[in-house]
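Residue-level structural notes
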Amino acid sequence: ITFLDTPGHEAFAAIREHGALLTDIVIIVVAADDGIKPQTLEAIRFARKAGVKLIIAANKIDKEGADINRLKQQLSENDLLIEEWGGDTILLPVSAKTKEGLPELLDMILLVTDVEELKADTDGVAKGLIIEAHVEQGRGPVAQALVESGTLKPSDFIVAGGSYAKIRNLESTDGVALKAATPSTPVTIRSEE
C-alpha cells in the first residue's frame, strides 16, 4: 500500500484532482466535528470522475462536538449513501490522536483491494506515474514516481511525454539506493541529462 497525501486546503484543488487520477482507492478524511466542507465535496467529485473506490474516514471522533450521524446525513444529501444505510460508501470512524479505528481502516483498504481485485504484474517493462519532477542544481533532473506495473531498475530508460532519459540512480523516497522497484513502490529517479 502506498499512500499519496494531497492537501485539504481549498487552494490545492488541482493537486487533489491529480491525486484522485493517480490512485486506485481514495480515502477522504473528514473531521467529524466539522462535517463536509466545499473541498470535501470537490474531492468526492474528483474521485467519482476518476472512477475509483471511495472510503470516508471520519476523523476526530474523540473530539467534543463530533457528530457522526450529522456526517452520515451530509453524505447522503450529496448522493453518498453509507453501507449501513444500504449504500456502497464505506464510512469508518477514526481518531488520528488516539489511533482508534486506524487498524480497521487498514483492514478495510485490504478488503477493498481484494474485492476490487487490484493487482499488478511485476514482470515486464515498468510502467508508472511521475508524481512531480524538477531539476536540482548540481544533480540534474529528478523525478518522484510511483511504479504501477513491471519492475524498474537503474540503467533502464524512461519515457515521459516527449522526453526520455536513462536512469542514473534509483532510490526509495528516503534516499536508500534500490536495485529494483516493483508495483506500488514510490521512488526517486535521478536521470542522466
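Everything discussed here concerns the structure shown above.
Residues numbered from 1 in each chain as written. Predicted model: local features only at pLDDT ≥ 70, side-chain atom pairs only at ≥ 80, totals over all residues. Heavy atoms only, no water.

Quick notes on the environment of Asp 174
For clarity, the threshold we go by: Where helices and strands are cited, they refer to DSSP runs of H or I of at least four residues and of E of at least two residues respectively, numbered from the N terminus.
Position of Asp 174 among the secondary structure elements: in the loop between strand E7 (163-172) and strand E8 (186-191). Along the backbone, Asp 174 and Pro 186 are twelve residues apart, and their C-alpha atoms lie at a distance of 9.9 Å.

Side note on unusual backbone geometry
The test is simple: Residue burial is assigned from relative accessible area. The probe radius is 1.4 Å, only protein chains are included, and a residue is buried under 20% of its type maximum, exposed over 50%, and partly exposed in between.
One non-glycine residue with positive phi stands out, namely Lys 60, at about 65°. In this fold, Lys 60 is placed in the loop between strand E2 (53-59) and helix H3 (68-77). On the basis of relative accessible area, Lys 60 is assigned to the partly exposed category, the value being 32%. You will see that Ser 155, though not glycine, has its phi angle at about 80°, which is positive. Position of Ser 155 among the secondary structure elements: in the loop between strand E5 (140-149) and strand E6 (157-160). Take Ser 155: its relative accessible area is 44%, and that puts it in the partly exposed class.

A look at the pairing of E6
In plain terms, the rule: Here the rule is simple: two strands pair whenever DSSP picks up at least two bridges between them.
Pairing geometry for E6 and E7, over four bridges, is antiparallel. Bridging from a neighbouring strand, Phe 157 pairs with Lys 166 of E7. The turn linking E6 back onto E7 is made up of two residues, and Gly 161 within it adopts a positive phi angle of 65°.

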